[in-house]
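So you can see what is in the structure, the chains are spelled out below.
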Number of protein chains: 2
Amino acid sequence: MGTSAVTSSSSTNEFAFDSRAKLELPQKFTFAGIHCGIKKSKAADLAIFVSENPCAAAAVYTQNKFRATSIDRNAQITPSSNIRAIVVNSGNANACTGNQGVDNNLVMAETAAGKLSINADQVLTLSTGIIGEQLPINEIKNGIVLAIEASGSSDRHFGEAANAVMTSDQWPKKSSARRTINGQSFSIAACAKGAGMIGPNMATMLCVIATDIGIEASQAQPTLQRAVDQSFNRISVEGHTSTNDAVILLANSAASLNCDDAEISHEFEKCLSEICLKLAKKIPADGEGASHLISIQVVGADDLESADVIARQIASSALVKTAVAGNDPNWGRIVSAAGNAKATLDPKSCSLKINGHAIFVAGNPAEFDPTEVSQSMKANFETSIEITVGDGPATACHWTSDLTPEYVRFNSEYHT
Amino acid sequence: MGTSAVTSSSSTNEFAFDSRAKLELPQKFTFAGIHCGIKKSKAADLAIFVSENPCAAAAVYTQNKFRATSIDRNAQITPSSNIRAIVVNSGNANACTGNQGVDNNLVMAETAAGKLSINADQVLTLSTGIIGEQLPINEIKNGIVLAIEASGSSDRHFGEAANAVMTSDQWPKKSSARRTINGQSFSIAACAKGAGMIGPNMATMLCVIATDIGIEASQAQPTLQRAVDQSFNRISVEGHTSTNDAVILLANSAASLNCDDAEISHEFEKCLSEICLKLAKKIPADGEGASHLISIQVVGADDLESADVIARQIASSALVKTAVAGNDPNWGRIVSAAGNAKATLDPKSCSLKINGHAIFVAGNPAEFDPTEVSQSMKANFETSIEITVGDGPATACHWTSDLTPEYVRFNSEYHT
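To keep things clear, this report deals only with the structure shown in the data block. Keep in mind that this is a model prediction, so the values were computed, not measured.

### Thoughts on the relation of the copies chain B and chain A
Part 1 of the argument: Overlaying chain B with chain A gives an RMSD of 0.0 Å, the required rotation being 180° about an axis along which the chain moves by 0.0 Å. The transformation just described matches what one would write down for a two-fold rotation axis. The position closest to the rotation axis in chain B is occupied by the C-alpha of Pro405(B), lying 2.2 Å away.
Part 2 of the argument: The overlap is high: 100% of the interface residues of chain B also sit at the interface in chain A, so the same surface is used on both sides.

Here you go:
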C-alpha cells in the first residue's frame, strides 16, 4: 500500500493533505490514542473520547445481521442523554466471538467506567479489525487506564485518537468546524476510519463526532440520521456493509448555544452535514489501493429512490471502477450499469458526462476526443460521472473508489 | 491473460479440458465460424447456425434496459415456430448505436435470409463485443455469405462456430448429449461465450442450443426458462448484467422423438438442464483472470428467495472473491457477506464449511487448521463454500470466479 494512491495516478489526492490543519475542538472533551498491544506493529490501537459532562448521544449502526457485540450493546443504550465516554479499539472487531466476546466488550466499558468513576452504561464501545478472534482483554484493560491518564484536550490528543481508530487506512481522517451565532460559538470535531469493506448503509467505517452544542438526544438522533444518509450512506469501496460500522455523535452542552432555537438547530445540522460529507468522501479517496475517487451524480430521475439506485449500481460496478483505474472513458460500461439498475430509465433520454465532457447524448454516442477525456481523468484524482436518466426532478450523488490491481493484491493478502 | 487461470493457482482447471470431446450433434443442422473482419486480430468473429427445417425457437434475454438492437428485434420474434437460422457476430455488441445500429442489425438478418432463400423474420441475430461502435456492415454481409457457403454438420464446423462467438474467453465452451428412449434418440448441442460482465439474470453471455427433438414453441419457452433459471441465472463474474445477453434454443424436429410425450419431455428437460448447467459453470471458470471457480451452496433457508439472495450476496462480495484468490479461508468475510443480504438469517444458527472443513459452527468459530484449508484451496480449482443459515427447507447454489489482480489489469486495459 504505502503511497499507491499517489503513485498509480499522476494526479494528487487532495483528500490526503488536510489532516494537519488546525482543529476546532469542542470544549470539555478530552482525547487519547495509544498502542495497547492488539496490533503486532507498534501502531496505535486504542482510542478514548471523554466528556466532562454527560452527553446527549445519537448513533447510526450497521445493518449487517452479524453485528459485533459492541454494536449490539450500544444499540441498547443509544439514544441516551447520559453518555460520558467512547472507547474504541482497532485491530480486532470482536465480532462472531460468542459469549466470551460479549464479556470482553463489557469489560472494556467497565474498565473505562471504573477509571472515570462513572457507570458502565455511560460508556459506549467500538471495535474494528479482524473478525472471529478474541480480544487480548488484559492488554486492553491496561491500555484503557493508561489512555485515560494520558488524555488531553489538544489537537495532538485528538490526532492521536484519530490515528488509533485506523486499520488499513493510509492516513487519519479528521474534520472540524466552529460556527458563531450572535457572538456565541459551538464546535464540532470528528474523526473516521474506513479503507476496506465500505458499502452503502454503513460499512467497516467508524466515525466519532464530538460537539459542545446543547441538543436533546431525541433531536440529535434524527439530525444525525439525516446527515449520515447524505454522506456515509452514499459512499462505497466494494459495496460491503460490515459487522461493526457506527457513527456516534456526543453533544455535551458545554457551549452556550442550544438546538432548542430553530436558527441554531439549522446551523448545527448544516455544519454537521458538511463535516459528515467531508469525512465520508475521504473514505473512498483512501480506499485500499485506490487511484481515483469517483463521484457519480444522477440527475433527471423520477424520484429519489430511482436516482439513488442508479447511482449505487454504477458505483458498485467493477467494470466501471476498473475502467476509471485505467483512465478509460468507457461510457458503454457506465450506461450499461445504469441500465442494470432496478429503476425506471428511458435509454433514449440518457446522457452522460465524464469530467464535464459530453460523451453520450440523448441515447446516442457523442463526438468526443477519448484521448482528451482520458488525460483529464489521469490529471485529476477525482473522476466525475454525471448521468441524466430522464427529465424527472430527482438527483442523487454517490462516491466510490476505483478498483486497482493493488486493491486485489492487498485483499488477497490481508486477513481481515 | 493467456494461461493465467492455470498459472496463478497450482491446481488444474478441469473446465478447460473437455472442449475436444466428440460431440453429439443434432440432425439437419449446419454450422460455421469464420473471420469476417470485425476483430483486428485474425480471430473468428462470425458464426452461423442453420437448420434445414423450420424450428421451434425459445429464448431468454438480458434484463438490462439498454438492450442491444439484436435483442430488441429477437424479442419481437420469439417464441416462434418458424426459425431457420441464427447469425452471431463477436467483437462488436451493436448496442447504443441508434438508428444505424437498428438498420445494420436488420441487414444481418436479411443477408442470411437472402442467401438461404428464406424470410428475414426466420433469422435471429446476436452480437457481442464493444458497445457504442457501428458494425463494419460490408465485411459482415460478405462474411455471412461466405459462412453459409462454408457451413457443414461436422464437429469441426460446430467447433468453428463455438470459436467465433468468443470475445475475451480463453477457450470455447461446448456441451452436447444424446439420449435414447425406446430405441429412438435425440441430441442437444450447445455453445456459449462468457468471460467478463457476467451477472445473475443474464450477462455478456451468449448461448446457442440446437436440438433435433420435436417440441412446440409454447412448451419450449417455459422449459428453457426453467433450465436457465437454474444455470445461467446462477452464475456471476462481477455481477453485471450486460446489454446483449441471450440464450436461444432451436428445436427442428428432425429426430422422431417429440415432447408431446410426457416421458420424452421429462428426459429432454433433464438433458437440457444438465447441458445448461455444464456450460454455465464453464463461464465463471473462464472468468477474466480467474484462478478459482467458487461454488456457493446455501442450505437451511426459510424459502428459495432467501437462499438465493444470500448465495448471490456472497458471490458478489469482492472481499470473499479476493480471499479465495489468495487461498485464504477468511470465513469472517463470508459470514459478514451473508449477514449483509436482505434475507432472514439468524447468526446463532449459522454454520460454514470451506472445501468440506467445518470453519464456523452454530454462530461460533470452530477449531480448524487454516494451513490445511488453505492448502486444499490451493490444490483445487473449485473452492466450495457451504453455509447453513437456519433449519429451513430451502437451498440455493451459485457459482462465481475469484477476483485476481489479473482481472483488474485486464479490465483496466480492455476497452469493451
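### Topic: the side chain of Lys321(A)
Residues and elements named next belong to chain A.
Part 1 of the argument: Inspection of the secondary structure assignment puts Lys321 in helix 9 (residues 318–325).
Part 2 of the argument: A polar side-chain atom of Lys321 sits 3.1 Å from the main-chain carbonyl oxygen of Ser401.
Part 3 of the argument: Contacts of Lys321, omitting those with residues within four sequence positions, involve Val237, Ile294, Ala315, Ser316, Thr400, Ser401, Asp402 and Leu403.

### What about the interface of chain B and chain A?
Part 1 of the argument: Taken residue by residue, the interface counts 54 residues in chain B and 54 residues in chain A.
Part 2 of the argument: Taking both sides of the interface into account, the surface hidden between chain B and chain A amounts to around 4,100 Å²; carbon and sulfur atoms contribute 58%.
Part 3 of the argument: Broken down residue by residue, the surface that chain B buries against chain A is led by Lys65(B), Phe66(B) and Leu319(B), which jointly contribute 17%.
Part 4 of the argument: There are zero salt bridges connecting chain B and chain A.
Part 5 of the argument: The tally of links from chain B across to chain A stands at eight residue pairs in polar contact (both at pLDDT 80 or more).
Part 6 of the argument: Looking at the side of chain B that touches chain A, the elements with two or more residues in it are helix 9 (318–325), helix 10 (331–339), strand 13 (364–365) and helix 12 (405–413) of chain B.
Part 7 of the argument: Looking at which element gives the most residues to the side of chain B that touches chain A, the answer is helix 10 of chain B, with seven residues.

### Some thoughts on the nonpolar core
One recurring pattern in soluble globular proteins is that nonpolar side chains are buried together.
Part 1 of the argument: Ile310(A), Ile314(A), Leu352(A), Phe49(B), Ile86(B), Val88(B) and Leu126(B) are the most contacted members of the largest nonpolar core, which totals 68 residues.
Part 2 of the argument: It is strand 2 (residues 46–61) of chain B that contributes the most residues to this core, six residues altogether.
Part 3 of the argument: Sequence-distant contacts of Ile86(B), that is, excluding residues within four places in its chain, are made with Ala47(B), Ile48(B), Phe49(B), Leu124(B), Leu126(B), Val208(B), Ile248(B) and Leu250(B).
Part 4 of the argument: Cys55(A), Phe66(A), Ile71(A) and Ile385(B) belong to the second largest nonpolar core, which has 67 residues in total.

### Considering the environment of Thr211(A)
Residues and elements named next belong to chain A.
Part 1 of the argument: Among the secondary structure elements, Thr211 is positioned in strand 7 (residues 206–211).
Part 2 of the argument: Among the residues examined, Thr211 registers a relative accessible area of 0% and is labelled buried.
Part 3 of the argument: The contacts of Thr211, once residues within four sequence positions are left out, are Pro26, Phe29, Phe186, Ser187, Ile188, Leu249, Leu250, Ala251, Asn252 and Phe268.
Part 4 of the argument: For Thr211, the side chain forms a polar contact with the main-chain oxygen of Ser187, separated by 2.7 Å.

### Considering the state of the cysteines
All names here are of chain A.
Part 1 of the argument: Applying the stated rule across the entire model yields zero disulfides over all chains.
Part 2 of the argument: Unpaired in terms of disulfides, Cys36 finds its nearest cysteine sulfur in Cys191, a separation of 16 Å.
Part 3 of the argument: Assessed through its relative accessible area of 13%, Cys36 is described here as buried.

Quick notes on the rules
- Residues numbered from 1 in each chain as written.
- Chains lettered and ligands numbered in written order.
- Predicted model: local features only at pLDDT ≥ 70, side-chain atom pairs only at ≥ 80, totals over all residues.
- Heavy atoms only, no water.
- Least-squares fit on C-alpha atoms with pLDDT ≥ 70 in both.
- Contact = heavy atoms within 4.5 Å.
- Helix = DSSP H or I, 4+ residues; strand = E, 2+ residues; numbered from the N terminus.
- Polar contact = N/O pair within 3.5 Å; in protein donor to acceptor, adjacent residues only side chain to side chain.
- Buried area = accessible area lost by both parts, 1.4 Å probe.
- Salt bridge = Lys/Arg side-chain N within 4 Å of Asp/Glu carboxyl O.
- Core = buried A, V, L, I, M, F, W, Y, C linked by side-chain atoms within 4.5 Å.
- Buried < 20%, exposed > 50% of the residue type's maximum accessible area, 1.4 Å probe, protein only.
- Disulfide = S-S within 2.5 Å.

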